[in-house]
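Coordinate analysis (summary)
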Amino acid sequence: MVSKKYLGDYRLENRRDPKTGKIKTVPEYCGEWFGFERGADEVRRTKRLCLALTAAVEVLFLTVLLLNAPCGRIYYVMLPFAAMVFPAFFLAAGCLRVLTAGEKITREHRDKLSRRMNVCPAFLVLLSALSLAGHVLYAVRTGLTAKDAVSLAAAAGILACAAVLLKTRDGLRIKKVG
């Protein structure tokens, strides 16, 4: 309830605190409720897949950053790769929202979940493809060391994971319920 955009979805109610007996004013959600379009089993499978792919993206991303490969010192390899920090972070945040979503979802939760799970994989595909192209160009120009090959494979892995996430995002479509 931090954003003014969602302020109208809440009303303040006075309730007695069972421990202290004092009256507390607490916000209660009174806005529209939303839920997933697909069945519970398909949503559960999609949630697990999103978690696994997001974890793979994060591990591969951190691997390249901690690797200190020679190709990491080349701007056309690392600029797109470094820019992936933002979609990778917001993808992890979106995945957390997917995992915490229950049968009933608030409007704020729906907006953030939908936006992050639709936009972040697309940006990851674009940036990892650019970085992969930079890796290939670097390999053609100078050859590959073992660390460069690991970096190239990680960029390809991120591209593959992001492409699968982009394809499976339909399993997380949200509709208005009751």
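Everything here concerns the structure above.
Residues numbered from 1 in each chain as written. Predicted model: local features only at pLDDT ≥ 70, side-chain atom pairs only at ≥ 80, totals over all residues. Heavy atoms only, no water.

**Overview of the packing of helix α2 (residues 75-83) against helix α3 (residues 85-100)**
- The interhelical angle for the contact between α2 and α3, taken along N-to-C directions, is 25°, at an axis separation of 4 Å. On the basis of their axis angle, the class for α2 and α3 is roughly parallel. Contacts from Phe-81, Ala-82 and Ala-83 in α2 reach Val-85, Phe-86 and Pro-87 in α3.
- The residue inventory of the contact of α2 with α3, partitioned by class, reads six nonpolar, no polar and no charged. (Axes fitted to C-alpha atoms, helices over the stretch in contact; angles between N-to-C directions. Helix = DSSP H or I, 4+ residues; strand = E, 2+ residues; numbered from the N terminus. Parallel < 35°, antiparallel > 145°, perpendicular 65-115°, else oblique. Contact = heavy atoms within 4.5 Å. Nonpolar A, V, L, I, M, F, W, Y, C, P; charged D, E, K, R; others polar.)

**Comments concerning the packing of aromatic side chains**
- Under the criterion given, the structure shown has five aromatic pairs.
- When the ring of Tyr-10 is compared with that of Tyr-29, the centres are 5.3 Å apart and the planes differ by 75°; the resulting orientation is edge-to-face. Residue Tyr-10 is located in strand β1 (residues 10-16), and its partner Tyr-29 is located in strand β2 (residues 23-29); the two are separated by 19 residues in the primary sequence.
- Taking relative accessible area as the criterion, Tyr-10 reaches 21% and is therefore assigned partly exposed. (Phe/Tyr/Trp six-rings, centres within 6.5 Å; stacked < 30°, edge-to-face > 60°. Buried < 20%, exposed > 50% of the residue type's maximum accessible area, 1.4 Å probe, protein only.)

**Structural notes on the pattern of salt bridges**
- Counting across every chain of the model gives 13 salt bridges.
- Across the pair Arg-11 and Glu-28 runs a salt bridge whose closest N-O atoms are separated by 3.4 Å. Linking Arg-11 in strand β1 with Glu-28 in strand β2, this pair joins segments that are 17 residues apart in sequence.
- The partner of Arg-173 in a salt bridge is Glu-37, with the nearest N and O atoms 3.7 Å apart. Of this pair, Arg-173 sits in the loop between α5 (146-168) and β4 (174-177) while Glu-37 sits in the loop between β3 (33-36) and α1 (40-67), and the two are 136 residues apart along the sequence.
- Residues participating in the shared-partner salt-bridge network are Arg-11, Glu-13, Arg-15 and Glu-28. (Salt bridge = Lys/Arg side-chain N within 4 Å of Asp/Glu carboxyl O.)

**What to know about α2**
- Among the residues of α2, those classed as buried are Tyr-76, Val-77, Met-78, Pro-80 and Phe-81.
- Of the surrounding elements, those touching the buried residues of α2 are α1, α3, α4 (107-142) and α5.

**Overview of unusual backbone geometry**
- Phi is positive for Asn-68, which is not a glycine, with a value near 60°.
- Among the structural elements, Asn-68 can be located in the loop between α1 and α2.

**Topic: the packing of α1 against α5**
- Following both chains from N to C, one finds α1 and α5 inclined at 155°, their axes separated by 9 Å at the closest point. Regarding the angle of α1 to α5, the classification is roughly antiparallel. Crossing geometry of α1 relative to α5 is assigned as left-handed. Touching Thr-46, Leu-49, Cys-50, Leu-53, Thr-54, Ala-56, Val-57, Leu-60, Phe-61, Val-64 and Leu-67 of α1 are Lys-147, Val-150, Ser-151, Ala-154, Gly-157, Ile-158, Cys-161, Val-164, Leu-165 and Thr-168, all from α5.
- Here the residues of the contact of α1 with α5 are counted per class, giving 15 nonpolar, five polar and one charged. (Left-handed = near helix turned anticlockwise from the far one by under 90°.)

**Describing the nonpolar core**
- In terms of nonpolar packing, the biggest core is built from 30 residues, with Phe-36, Phe-81, Met-84, Met-117, Leu-124 and Ile-158 touching the most fellow members.
- When residues of this core are traced back to their parent elements, those giving at least two are β3, α1, α2, α3, α4 and α5.
- Aside from chain neighbours lying at most four places away, what touches Phe-81 is Leu-60, Phe-61, Val-64, Leu-65, Ser-131, Ala-155 and Ile-158.
- The next biggest cluster of nonpolar side chains, apart from the first, holds six residues, and it includes Leu-67, Ala-69, Cys-71 and Tyr-138. (Core = buried A, V, L, I, M, F, W, Y, C linked by side-chain atoms within 4.5 Å.)

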